[in-house]
Amino acid sequence: MTDIDVASQTRCIPIQHPDLFNYPMIYSSEAGQMIFDDSDAHVLREYLKRGGFWMIDDFWGTFEWANFEKEMKKVFPDRSIVEIPMNHPIFHSVYNIEEKMQVPNIGYAYSANPVTWEQDGYEPYVRGIFDDNGRLLVFINFNTDLMDASEWADDPRYPQYFSAYSYKIFTNAVVYALSH
């Protein structure tokens, strides 16, 4: 739909890999468990300051949020994590997304009593870190699992509306990352 020529295969590279700066966008999952040393934090800060974009997804609850916040202070000790308003361009770069949705993992589709939350992550949040010019550097999707919705879109038991929302968010994020 976007006509963006992307790689046919995903590529997982460590933070310290010299090719990191060749990618305009990086994606991380389960960021509530990450731990950075000073060198990792320096490389990520430099990557983002030079124009990189980082999308983060699939971490849940107050414990994981506390760890995530602590680790992000290593990357940007002088920047705050803030709520992204729904009128921000990331919600309107291709699709118009008017509200946040909590997207559950695949267990939702197989459970007799499905819930969309994990741990104590009852509310979805879309937060970010911005530079001095207002450019979104880090796109944080907390208490939601967008990737599961994309991965399981072809499973008839997984609700289509979660997958559709996920694809819209990912599409908007890629287009935003490449155009801002």
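This report concerns the structure included in the present document.

The rules behind each value
- Within each chain, residues carry numbers counting from 1 in the order of the written sequence.
- Local features in a predicted model are, by the rule used here, given only for residues with pLDDT of at least 70; side-chain atom pairs are given and counted only at 80 or more, and totals for whole chains, interfaces and linings are based on all residues.
- Hydrogens and water are ignored here; the side-chain numbers use all heavy atoms of the structure.
- The numbering of helices and of strands both runs from the N terminus, where a helix is a DSSP run of H or I of at least 4 residues and a strand a run of E of at least 2.
- Only protein chains enter the area calculation, which uses a 1.4 Å probe; residues under 20% of their type maximum are buried, those over 50% are exposed, and those in between are partly exposed.
- When charges are tallied, Lys and Arg are placed among the positive residues and Asp and Glu among the negative ones, while His and the ends of the chain are skipped.
- Here a salt bridge means any side-chain nitrogen of Lys or Arg lying within 4 Å of a carboxyl oxygen belonging to Asp or Glu.
- Residues are treated as being in contact if the distance between any of their heavy atoms lies within 4.5 Å.
- The term nonpolar core refers to a set of buried residues drawn from Ala, Val, Leu, Ile, Met, Phe, Trp, Tyr and Cys, joined through side-chain atoms within 4.5 Å.
- Throughout, the protein atoms alone are placed on a 1 Å grid, and a set of points is a cavity if a 1.4 Å probe fits but cannot get out or a pocket if it is open with protein on both sides within 12 Å along at least five of seven lines; lining residues have an atom within 4 Å of a point.
- Grid points are joined across faces, edges and corners, and a volume is the space filled by probe spheres set on the points.
- Under the scheme applied, nonpolar residues are Ala, Val, Leu, Ile, Met, Phe, Trp, Tyr, Cys and Pro; charged residues are Asp, Glu, Lys and Arg; polar residues are all the others, including Gly.

So, on to the side chain of Asp-58. In this structure, Asp-58 sits in the loop between strand 2 (53–57) and helix 2 (61–75). Summary of buried charges: Asp-58 has no salt-bridge partner, and the nearest side chain of opposite charge, Arg-127, is 14 Å away. Among all residues touching Asp-58, those that are not within four sequence positions of it are Ser-29, Glu-30, Ala-31, Asn-141, Thr-144 and Asp-145.

Core analysis: the biggest nonpolar cluster contains 24 residues, and Phe-53, Met-55, Ile-84, Ile-90, Leu-136, Phe-139 and Ile-169 have the highest contact counts within it. By residue number, the principal contributor to this core is helix 5 (residues 160–179), which donates 7 residues. Beyond its immediate stretch of four places on either side in the chain, Leu-136 contacts Phe-53, Ile-84, His-88, Ile-90, Gly-128, Ile-129, Phe-130 and Tyr-176.

Turning our attention to the layout of surface pockets. Gaps left between atoms are located by rolling a probe of water-molecule size over the structure's atoms. In this structure, the largest pocket spans a volume of roughly 1,400 Å³. Forming the walls of the largest pocket are 35 residues, and the residues nearest its centre are Thr-10, Arg-11, Met-25, Ile-26 and Tyr-27. Mapped onto the lining of the largest pocket, the elements with two or more residues apiece are strand 1 (25–29), helix 4 (146–151) and helix 5. Taken together, the residues of the lining of the largest pocket sort by class into 24 nonpolar, 7 polar and 4 charged.

Enumeration according to the criterion identifies 1 cavity of 30 Å³ or more in this entry. The computed volume of the largest cavity comes to approximately 40 Å³. If you go around the largest cavity, the residues you meet are Met-101, Pro-124, Tyr-125, Val-126, Asn-141, Phe-142, Thr-144, Leu-146 and Tyr-165. Looking at the lining of the largest cavity, the elements that each hand over two or more residues are strand 4 (125–130) and strand 5 (136–142). Of the residues belonging to the lining of the largest cavity, the class tally is 7 nonpolar, 2 polar and no charged.

Spatial relationships are all this shows, so hold off on functional conclusions.
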